[in-house]
Amino acid sequence: MNPQTMAEKIMSRLAAQPVRAGEFVELGPDWTFSLDDGIGLVDRYFRLHGIDRLAAPDKIAVFYDHFAPADTPQHAMVQRLGRQLCERFGIRRLHDVGTGISHQIAVETGLARPGQMVTNTDSHTLTVGAIGAIGCGIGVAEMAWLWAYGHLWFQVPTSLRITLEGRLAPGVSAKDLVLSIIGRLSVRGAQYGSVEYHGPALSTLSIAERMTLCNMGVEMGAKFAVVPGDHVTRAHYAALGIEVGEMPAPDAGAHYAEDHRFDLSEIEPMVSAPSKVDNVHPVSSKAGVQIHQAFIGTCTNGRFEDFEIAARVLAGRRVAEGVRLVVTPASREVYLRAMQSGALQTLIEAGATVTTPGCGACAGIHQGVLAADEVCISSSSRNFIGRMGNRDASIYLASPATVAASALAGRIADPREVLAE
Ligand code: SF4
């Protein structure tokens, strides 16, 4: 058998035959997740086509994260339909309002395991790559098919190797690293590819940091982004009391269409300026841009570690007059940890508004929508026109530390200056 990449290896297991990049295969993923923003359509397809049984209910999980709690009567109806669907088909894993974002829960609870493949009706499913799994978004019609029949066609992606060396400097984060990668490779740089991360720097990156790295792979057009399992992965599962077997790894000699290298010690705080994710610049070149809202949350950067660093920046200080700081934990678990550590109290004392765990303001359909001509600096993954609910507003993407420092200054600011004080 030819040496295989991570994607080829995992897809070969599921297809029960060796597969190679470029081939079309039919397989049944280990997990099929659906969310509140699409569950109503799954229900509709089932009724339209008379589907009355599921291929594998134990491989299904439903998450209410995009508009939780419901913000309109229509959304409340969709969530009710989803609950009824779960009851009708015996789906046991319904993560209802307040539990958090699907990608966060999949990793923090150990639901997704190394070597698995996850499909979800959400484009940031690549996040599970942090624990040595592959994950991708699919459409609602495809999800309805998968739930009913258990198999779907996929093309095995070509893999790109990104080697990471060096170490991030204080005040610089995995978000700055992934923005630097996207800035160099562009939004089309990994089109339908599988980004595999390698190199000695990986051992310095936590699971939370790896999640940020893999999460934004889709902003380069990638199908998957994955970090092969290692001692950091194993420690994550050990802390959860879960025994994981052999860690998935690519074969020596596997074929990579491209090779890129990044030295982490050269990375500085970065922002992605409106309105394309690859419009990436050092924070210093955008310092002074006035902001109206600062948002810390999402599946990209709404984790405990993100609130800890934001709290370090804001401890004993107040956000600038005229700035709203909106904070949304990625899960209930994150919310509780940040409460217990005191990070949330620090943020609230600095003037933050804390919202229900979930996607919050990220997609512009829920808490924290922008007004025309407003500027938001956000720890999220997308700054497209209209992303936060208003096509006449502007969004800058940055790390939680940069968002917090900017909230403090009322203008885009370098967090290293505050952290050094
Ligand atoms: Fe999508 Fe944002 Fe929710 Fe992540 S937090 S799943 S990017 S809407």
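These figures come from a predicted structure and were not determined experimentally. (Residues numbered from 1 in each chain as written. Predicted model: local features only at pLDDT ≥ 70, side-chain atom pairs only at ≥ 80, totals over all residues. Heavy atoms only, no water.)

Visitor: Sorry if this is basic, but what is going on with the sheet that holds strand S8 (residues 158-165) here?
Guide: Each strand in a sheet pairs with its neighbour through backbone hydrogen bonds, running either in the same direction (parallel) or in the opposite one (antiparallel). Pairing within the open sheet is parallel, and its 4 strands lie in the order S10-S9-S8-S11. Edge positions in the open sheet fall to strand S10 (224-226) and strand S11 (258-263), since each of these has one partner strand only. Ignoring strand direction, the axes of neighbouring strands in this sheet form an average angle of 20°. Pairing of S8 with S11, which is carried by 6 bridges, proceeds in the parallel orientation. Across the sheet, the residue bridging to Arg 161 is Asp 259, located in S11. Seen against the sheet, helix H6 (residues 174-185) touches S8, strand S9 (193-198) and S11 and runs at an angle of roughly 135° to S11. (Pairing = 2+ DSSP bridges. Helix = DSSP H or I, 4+ residues; strand = E, 2+ residues; numbered from the N terminus. Axes fitted to C-alpha atoms, helices over the stretch in contact; angles between N-to-C directions. Contact = heavy atoms within 4.5 Å.)

Visitor: I tried to follow the pattern of salt bridges on my own but got confused; where do I start?
Guide: In a structure, side chains of opposite charge can pair up when their charged atoms sit close to one another. Scanning all chains against the criterion turns up 14 salt bridges. Ionic pairing is found between Asp 30 and Arg 13, a salt bridge with its closest N-O pair at 2.8 Å. Here Arg 13 lies in helix H1 (residues 6-15) and Asp 30 lies in the loop between strand S1 (24-27) and strand S2 (31-35), a separation of 17 residues in the sequence. Residue Arg 13 is classed as partly exposed on the basis of its relative accessible area of 45%. Residues Asp 259 and Arg 161 are paired through a salt bridge, measuring 2.8 Å at the closest nitrogen-oxygen approach. Here the residue Asp 259 occupies a position in strand S11, and Arg 161 occupies one in strand S8, the gap between them amounting to 98 residues. Residues joined in a network through salt bridges with shared partners are Asp 43, Arg 47 and Arg 88. (Salt bridge = Lys/Arg side-chain N within 4 Å of Asp/Glu carboxyl O. Buried < 20%, exposed > 50% of the residue type's maximum accessible area, 1.4 Å probe, protein only.)

Visitor: Would you mind going over the site of the ligand with me for this structure?
Guide: Lining the immediate environment of the ligand, one finds His 66, Ile 101, His 103, Asp 122, His 124, Thr 298, Cys 299, Cys 359, Cys 362, Ala 363, Ser 381 and Arg 387. Its residues placed into classes, the shell around the ligand shows 5 nonpolar, 5 polar and 2 charged. (Near = heavy atom within 4 Å. Nonpolar A, V, L, I, M, F, W, Y, C, P; charged D, E, K, R; others polar.)

Visitor: What exactly am I supposed to notice about the state of the cysteines here?
Guide: Note on terminology: a disulfide is the covalent bond linking the sulfur atoms of two cysteines. Using the criterion set out here, one finds 0 disulfides in the structure. Here Cys 86 is not disulfide-linked; the sulfur of Cys 359 is the nearest cysteine sulfur, at 17 Å. (Disulfide = S-S within 2.5 Å.)

Visitor: Before we go on, may I ask you to explain the nonpolar core in this structure?
Guide: Side chains of nonpolar character tend, in soluble globular proteins, to be buried together. Judged by nonpolar contacts, the single largest core of 42 residues is most densely connected at Leu 164, Leu 177, Ile 181 and Tyr 197. Listed by contribution, the elements that provide at least two residues to this core are S8, H6, S9, helix H7 (207-215) and strand S18 (394-397). Ranked by residues supplied to this core, first place goes to H6 with 6 residues. With near-sequence residues (within four places) excluded, Ile 181 lies in contact with Ile 162, Leu 164, Tyr 197, Leu 213, Met 220 and Phe 262. Counting 37 residues, the second-largest nonpolar core is a separate cluster that includes Val 271, Ile 291, Ala 294 and Ala 311. (Core = buried A, V, L, I, M, F, W, Y, C linked by side-chain atoms within 4.5 Å.)

Visitor: What is the right way to read the packing of helix H2 (residues 39-48) against helix H5 (residues 140-149) from this model?
Guide: In a packed pair of helices, the relevant descriptors are the angle between the two axes and the axis-to-axis distance. In contact at an axis separation of 9 Å, H2 and H5 are set at 60° when each is read in the N-to-C sense. Classed by the angle they form, the pair H2 and H5 counts as oblique. Between H2 and H5 lies a crossing whose hand is right-handed. Of the residues in H5, those touching H2 at Ile 39, Leu 41, Val 42, Tyr 45 and Phe 46 are Val 140, Ala 141, Ala 144, Trp 147 and Ala 148. Looking at the contact of H2 with H5 residue by residue, the classes come out as 10 nonpolar, no polar and no charged. (Parallel < 35°, antiparallel > 145°, perpendicular 65-115°, else oblique. Left-handed = near helix turned anticlockwise from the far one by under 90°.)

Visitor: Explain the pairing of S2 to me, please; I cannot follow it from the model alone.
Guide: Regular strands place side chains that alternate from one sheet face to the opposite one. The buried fraction of S2 is high, at 5 of 5 residues. The two faces of S2 match: Trp 31, Phe 33 and Leu 35 on one face and Thr 32 and Ser 34 on the other face are all buried. Pairing of S2 with strand S3 (residues 60-63) involves 4 bridges; the strand directions are parallel. Within S3, the residue paired with Thr 32 across the bridge is Ile 60.

Visitor: Can you walk me through the packing of aromatic side chains in this structure?
Guide: Here the distance between the centres and the angle between the planes together describe a pair of aromatic rings. One pass over the structure, following the stated rule, counts 6 aromatic pairs. Ring centres of Phe 24 and Trp 153 lie 5.8 Å apart, and the angle between their planes is 50°; this geometry places the pair in the tilted category. Of this pair, Phe 24 sits in strand S1 while Trp 153 sits in strand S7 (residues 152-155), and the two are 129 residues apart along the sequence. Neither residue differs from the other here; Phe 24 and Trp 153 are each classed as exposed. (Phe/Tyr/Trp six-rings, centres within 6.5 Å; stacked < 30°, edge-to-face > 60°.)

Visitor: Teacher, can you tell me more about unusual backbone geometry here?
Guide: Peptide bonds are, in most cases, trans, and in most cases residues other than glycine have a negative phi. Across the junction of Ala 68 and Pro 69, the peptide omega takes the value -5°, indicating a cis bond. Summarising the element assignment, Pro 69 is placed in the loop between S3 and helix H3 (73-89). For the peptide bond that leads from Pro 274 to Ser 275, omega is -5°, which places it in the cis range. The backbone of Ala 16 shows a phi angle near 60°, a positive value even though the residue is not glycine. Checked against the element boundaries, Ala 16 lands in the loop between H1 and S1. Assessed through its relative accessible area of 71%, Ala 16 is described here as exposed. One non-glycine residue, Thr 298, adopts positive backbone phi at about 85°. As for its position among the elements, Thr 298 is in helix H10 (residues 298-301).

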